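What the coordinates show
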Amino acid sequence: MSSVPRFWRSLGSRYNLEGTRCKECGEYYYPPRNFCVNCRRIGHIEPYKFKGTGEIISYTIIHTAAEGFEDQTPYTLAIIQLDEGPRLTSQVICDPDKIHIGMRVRSVFRKLGEDGEGGMIYYGTKFAPEDS
Amino acid sequence: MRDVAIIGVKNTKFGELWGKSLRDIVVEAGAGALEDAGIGGKEIDSLYVGNMSGGRFIDQEHIGALIADYSGLSKNLHVPATRVEAACASGGLALRQAIMAVASGYNDIVIAAGAEKMTDVGSEEASSALAAAADREWEGMAGATFPGIYAMIARLHMHRYGTTSEQLAEVAVKNHKNGSLNPIAQYKNRITVDDVLNSIMVADPLHIFDCSPITDGASALVLAPADIAHKYTDTPIYIRATAQASDTIALHDRRDITTLDATVVAAKRAYSMAKLKPEDIDLVEVHDCFTIAEICAIEDLGFAEKGKGGIVTANGETAIGGRIPVNTSGGLKACGHPVGATGIKQAVEIVTQLRGEAGKRQVEGAEYGMTHNVGGSGATAVVHIFSRER
Ligand SMILES: [Zn+2]
């Protein structure tokens with residue numbers, strides 16, 4: 001599914017929903033960026049920990065899994081807009097019949113996937129209905 | 001800048017070509033295009049080849065050199081060969097590089113080719129290679145698949161505009177019908193809306209028949225300065241515009257999930273360069289990697305009002321004989337989608353149509369044609385406009 005170093009590099013972001021924010025223009029970034037796309041060279045990026053609440057913009061229910069996610073099907077995948085503004089792609093842990101556009105969600109810490117049998121297990125942020 | 005013409009074209013058969021290697025199919029397409037143009041090898045100044053993922057699909061990089069070698073363009077001639085990569089838009093981008101080489105005056109006769117051999121690996125490995133065209137770290141690691149990403153485009157399009165699964169299915173039905181008229185198509189069987197709706201769900205709301213297949217195939221074009229094109233052929237087809245635009249690699253970072261801004265901008269640049277409007281275009285080959293992609297494409301290219309792509313398709317306006325025939329070749333859905341070849345294959349189809357050589361799928365009196373090639377979920381879009389008259 002992925003390389004260990006690549007995952008390690010973004011551990012803080014994946015475990016704690018840490019992103020970044022540009023002091024110059026105020027834009028929030030998650031997934032984190034260390035270069036502001038608005039200000040480019042004059043931007044000043046600092047870390048920012050997101051509250052973890054947001055809303056579903058769109059979603060799908062995956063029946064044919066991505067590599068490393070075979071034992072999770074069917075699973076829901078959604079684009080979530082965090083309350084601070086940025087959007088991300090994440091699984092949502094809920095009844096597939098209940099998921100809908102506009103649904104309020106909050107971040108939770110869960111297993112994301114694994115590198116085949118006996119391989120590294122990846123943990124990180126998923127989302128669940130806010131009222132659950 | 002010089003005007004550029006296409007003087008030779010060739011597609012291989014598209015499909016599961018288990019008996020042939022990448023080098024086999026590229027030579028077949030290249031030699032066919034040269035024969036079509038009536039030229040040998042000595043005139044060729046350079047070669048551009050679109051190939052998305054040779055490293056993943058056949059464990060081979062250095063595809064430019066490989067192709068020059070097996071085309072006989074390395075020995076004695078030492079023709080420069082460059083691989084161009086932009087995921088599924090690699091072919092369209094190879095064409096664009098070739099056009100710029102001729103238009104600039106730097107080269108005269110240039111080959112633009114595209115090729116992918118996808119069935120030498122299993123379908124899981126192929127899907128994983130394709131997923132690399134999205135954001136691996138922030139989409140792939142969440143469990144996103146390519147159908148899943150397009151499914152989220154489809155879901156929001158349905159939610160916002162009332163587009164239905166039946167309307168999506170109509171794209172596949174039309175493209176299979178067109179594919180049944182194309183000798184090179186991977187699928188020549190006609191299907192119904194019910195066939196699509198009853199097929200396996202891959203990523204809700206997309207069924208397997210909403211998705212383009214895994215395909216082997218190669219396509220090639222020969223380009224020349226328009227001023228000397230008649231030396232080679234009676235029916236040169238002219239390039240009126242080449243345009244390209246970029247967007248965020250991840251779908252979640254887009255301004256609007258249901259609009260491919262890269263397509264909108266590339267189209268705007270192309271129309272402006274050609275001094276043409278959507279109404280002037282007689283037919284278009286769009287990037288229908290998924291049925292929803294064709295719906296978005298016809299909206300983003302200006303052939304349907306935003307949100308009306310499904311209705312326009314269901315009304316038959318995009319069928320051969322309709323207001324704006326879309327994907328007369330059968331598209332990626334029925335013709336097949338060898339990712340690096342698709343952008344070149346689209347151009348081959350438009351040239352064939354503008355020459356009036358498309359047989360049963362001929363669009364009568366076609367003067368202007370367009371191609372639209374997308375990389376990933378829209379991080380790259382390449383649009384070309386072609387004309388019969390200079
Ligand atoms: Zn900034």
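Residues numbered from 1 in each chain as written. Chains lettered and ligands numbered in written order. Predicted model: local features only at pLDDT ≥ 70, side-chain atom pairs only at ≥ 80, totals over all residues. Heavy atoms only, no water.

Identification of chain B as Beta-ketoacyl synthase/thiolase from Methanosarcina barkeri MS is taken from an unreviewed UniProt entry.

Looking at an unreviewed UniProt entry, one finds chain A named Conserved protein associated with acetyl-CoA C-acyltransferase and attributed to Methanosarcina barkeri MS.

**Some points on the UniProt feature "domain: Thiolase C-terminal" (unreviewed entry) in chain B**
Heads up, the condition is: UniProt positions are given in the numbering used here, feature names are shortened, and annotations may be inferred rather than shown by experiment. Secondary structure is summarised from DSSP: a helix means a run of H or I of at least four residues, a strand means a run of E of at least two, and numbering begins at the N terminus for each.
Here the UniProt-annotated "domain: Thiolase C-terminal" (unreviewed entry) positions come out as residues 243-388 of chain B. Secondary structure content for residues 243-388 of chain B is 33% helix and 16% strand, and the end C-alpha separation is 19 Å.

**So, the sheet that holds strand S11 (residues 380-387) of chain B**
Residue and element names in this part refer to chain B. Quick note on the threshold: Any two strands with at least two DSSP-identified bridges between them are counted as paired. Here the axes come from fitting lines to C-alpha atoms, over the contacting stretch only for helices, and the angles between their N-to-C directions go from 0 to 180 degrees.
If you walk across this open sheet you meet the nine strands as S3-S2-S4-S7-S1-S8-S11-S10-S9, and the pairing is mixed. Two strands close off the open sheet at either side, each with one partner strand: strand S3 (81-84) and strand S9 (283-285). Along the sheet, successive strands turn relative to each other by an average axial angle of 25°, direction set aside. Strand direction decides the pairing type here: strand S4 (residues 109-116) and strand S7 (residues 217-225), joined by seven bridges, are antiparallel. Note on S7: the bridge partner recorded for Ala115 is Ala218.

**Considering the UniProt feature "domain: ChsH2 C-terminal OB-fold" (unreviewed entry) in chain A**
Taken from the UniProt record, the annotation "domain: ChsH2 C-terminal OB-fold" (unreviewed entry) applies to residues 50-110 of chain A. Split by type, residues 50-110 of chain A is 0% helix and 49% strand. Its first and last C-alpha atoms lie 17 Å apart.

**Some points on the layout of surface pockets**
Residues and elements named next belong to chain B. Spelled out, the test is: Of the two site types, the cavity is a set of points on a 1 Å grid over the protein atoms alone where a 1.4 Å probe fits but cannot get out, and the pocket is an open set with protein on both sides within 12 Å along at least five of seven lines, each lined by residues with an atom within 4 Å of a point. Grid points are joined across faces, edges and corners, and a volume is the space filled by probe spheres set on the points.
Looking at the largest pocket, its volume works out to about 1,000 Å³. If you trace the largest pocket, you find 42 residues lining it, with Ser123, Ser127, Leu130, Pro147 and Ile214 closest to the centre. Looking at the lining of the largest pocket, the elements with two or more residues in it are helix H5 (123-131) and helix H6 (146-161). Ranked by residues supplied to the lining of the largest pocket, first place goes to H5 with six residues.

**Quick notes on the sheet that holds strand S2 (residues 28-29) of chain A**
Residue and element names in this part refer to chain A. Read across the sheet, three strands follow the order S2-S1-S3 without closing on themselves; strand pairing throughout is antiparallel. One side of each edge strand has no neighbouring strand; the edge strands of this open sheet are S2 and strand S3 (45-49). Strand direction decides the pairing type here: strand S1 (residues 18-22) and S2, joined by two bridges, are antiparallel. Along S2, the bridge assignment pairs Thr20 with Tyr29.

**Some points on unusual backbone geometry**
Only a minority of non-glycine residues have a phi that is not negative, and only a minority of peptide bonds are not trans. The criterion, for reference: When a residue's accessible area, from a 1.4 Å probe over protein chains only, is under 20% of the maximum for its type it is buried; when over 50% it is exposed; and in between it is partly exposed.
Geometrically, the link from Tyr30 of chain A to Pro31 of chain A is a cis peptide bond, its omega value of -5° lying close to zero. Relative to the elements of secondary structure, Pro31 of chain A occurs in the loop between S2 and S3. Even without glycine at this site, Asn76 of chain B takes up a positive phi of about 65°. Residue position: Asn76 of chain B is located in the loop between helix H3 (63-70) and S3. Classification of Asn76 of chain B by relative accessible area gives exposed; the value is 67%. One non-glycine residue with positive phi stands out, namely His78 of chain B, at about 55°. Here His78 of chain B lies in the loop between H3 and S3.

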